[in-house]
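Here's the letter readout for the chains.
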Amino acid sequence: PELSGDGNTLVYMGYDSVKNEFRLYEAQKNKKGKWSKALVIEAVPTGWFGRSNISLNYDGTVMAYTCGDGGFFGGTSTLYTCDKSNGKWQSSIKVPTGEYVGGASYPCLSKDGKSLAWVQANSNNDILFATDSETGWIEPTIISSNSNNDDQVTLSGDGKTVFFWRQYVKDSVVTGRD
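What comes next is a walk through the structure. Note that the structure is a prediction, hence the values are computed from the model and not measured.

Here we come to the overall build of the chain. Broken down by element type, the chain carries zero helices and 17 strands. Across the 178 residues of the chain, 41% fall into the buried class. In the chain, the share of contacts with a sequence separation of at least 24, taken over all contacts with a separation of at least 6, comes to 37%. Within the structure as shown, the chain displays about 10,000 Å² of accessible surface, and the carbon and sulfur contribution to it stands at 48%.

Roughly 190 Å³ of volume is contained in the second largest pocket. Lining of the second largest pocket is provided by Glu26, Leu39, Val40, Ile41, Glu42, Ala43, Gly87, Lys88, Trp89, Gln90 and Ser91. Of all the elements in the fold, those that place two or more residues in the lining of the second largest pocket are β4 (39-40) and β8 (88-89). When the residues that make up the lining of the second largest pocket are grouped by side-chain class, the tally is five nonpolar, three polar and three charged.

Attention now goes to the packing of aromatic side chains. Two aromatic rings are characterised by how far apart their centres lie and by the angle between their planes. Per the stated rule, a full pass over the model turns up three aromatic pairs. Seen from their ring centres, Tyr65 and Tyr80 are 5.4 Å apart, and the 20 degrees between their planes marks the pair as stacked. One end of the pair, Tyr65, is in strand β6 (residues 62-68); the other, Tyr80, is in strand β7 (residues 77-85), with 15 residues separating them in the sequence. Accessibility expressed as a relative area gives 0% for Tyr65, which makes it buried. Sitting over the ring of Tyr58, Lys111 keeps its end group 4.8 Å from the ring centre.

This part is about the sheet that holds β4. Pairing is antiparallel in the open sheet, where four strands are placed in the order β1-β2-β3-β4. Bordering the open sheet on either side are β1 (2-3) and β4, each of which pairs with just one other strand. Alignment of β1 against strand β2 (residues 9-16), held across two bridges, turns out to be antiparallel. Each residue of the ladder has a partner; that of Leu3, found in β2, is Leu10.

Rules behind the numbers
- Residues numbered from 1 in each chain as written.
- Predicted model: local features only at pLDDT ≥ 70, side-chain atom pairs only at ≥ 80, totals over all residues.
- Heavy atoms only, no water.
- Helix = DSSP H or I, 4+ residues; strand = E, 2+ residues; numbered from the N terminus.
- Buried < 20%, exposed > 50% of the residue type's maximum accessible area, 1.4 Å probe, protein only.
- Contact = heavy atoms within 4.5 Å.
- Areas by Shrake-Rupley, 256 points an atom, 1.4 Å probe, with all protein chains shown as cover.
- 1 Å grid on protein atoms, 1.4 Å probe; cavity = no way out; pocket = protein on both sides within 12 Å on 5 of 7 lines; lining within 4 Å.
- Points joined across faces, edges and corners; volume = space filled by probe spheres on them.
- Nonpolar A, V, L, I, M, F, W, Y, C, P; charged D, E, K, R; others polar.
- Phe/Tyr/Trp six-rings, centres within 6.5 Å; stacked < 30°, edge-to-face > 60°.
- Lys NZ or Arg CZ within 6 Å of the ring centre and 35° of its normal.
- Pairing = 2+ DSSP bridges.

Following this line, the structure appears as C-alpha cells:
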C-alpha cells in the first residue's frame, strides 16, 4: 500500500476474485478522520502491480505505478503515471524509458509530482530520473548504472536528491551495503 504524504489518500493493489484480475484501489480520509470505502481506480489498466511499485505525491493527486503481465517473478513491468483532476483519476500515461529496456520497479515521486526516480532492470539495475514538463515526461537520465545491486529508490521531497540501496557482492557473498 502507498499513503500520500498528507495522510489522506491510500492506494493499494487488490485482487478481484470475481473478475480474476489485479486492480488498484483507492480510499480517502475525510475531515473527520474516517476512511471511505476503497474503490477501483478505473483509469488504471488491470495487470500485475508487484510489490512496492506504487508512489503518490504529497497530496495524492499524482500517482506513479508499474504494471506488467508476468506476475511476481517474471515478465516486464512498464512505468506509468496518472493525474487526478477534480477528484477523478485521468488516463494513465506511459513514462518514456529511452534506450533502457527491461522491467521498471520502485517508482518514487517528488512532493509536487514533477520529478520521478525508479529502478530500470536492464542488464544491470539502473536508477533512472525524469522530470515532467508541460508536454509530458522528459526522457530519463541515468543516476546509477553498472551495478546489478541497486534497488529501492527514494526521492527527496524537492525532487533534487535520489537515494537508493546498493549491495556490494563479490563471489556471490554480500560484502557491504550503502
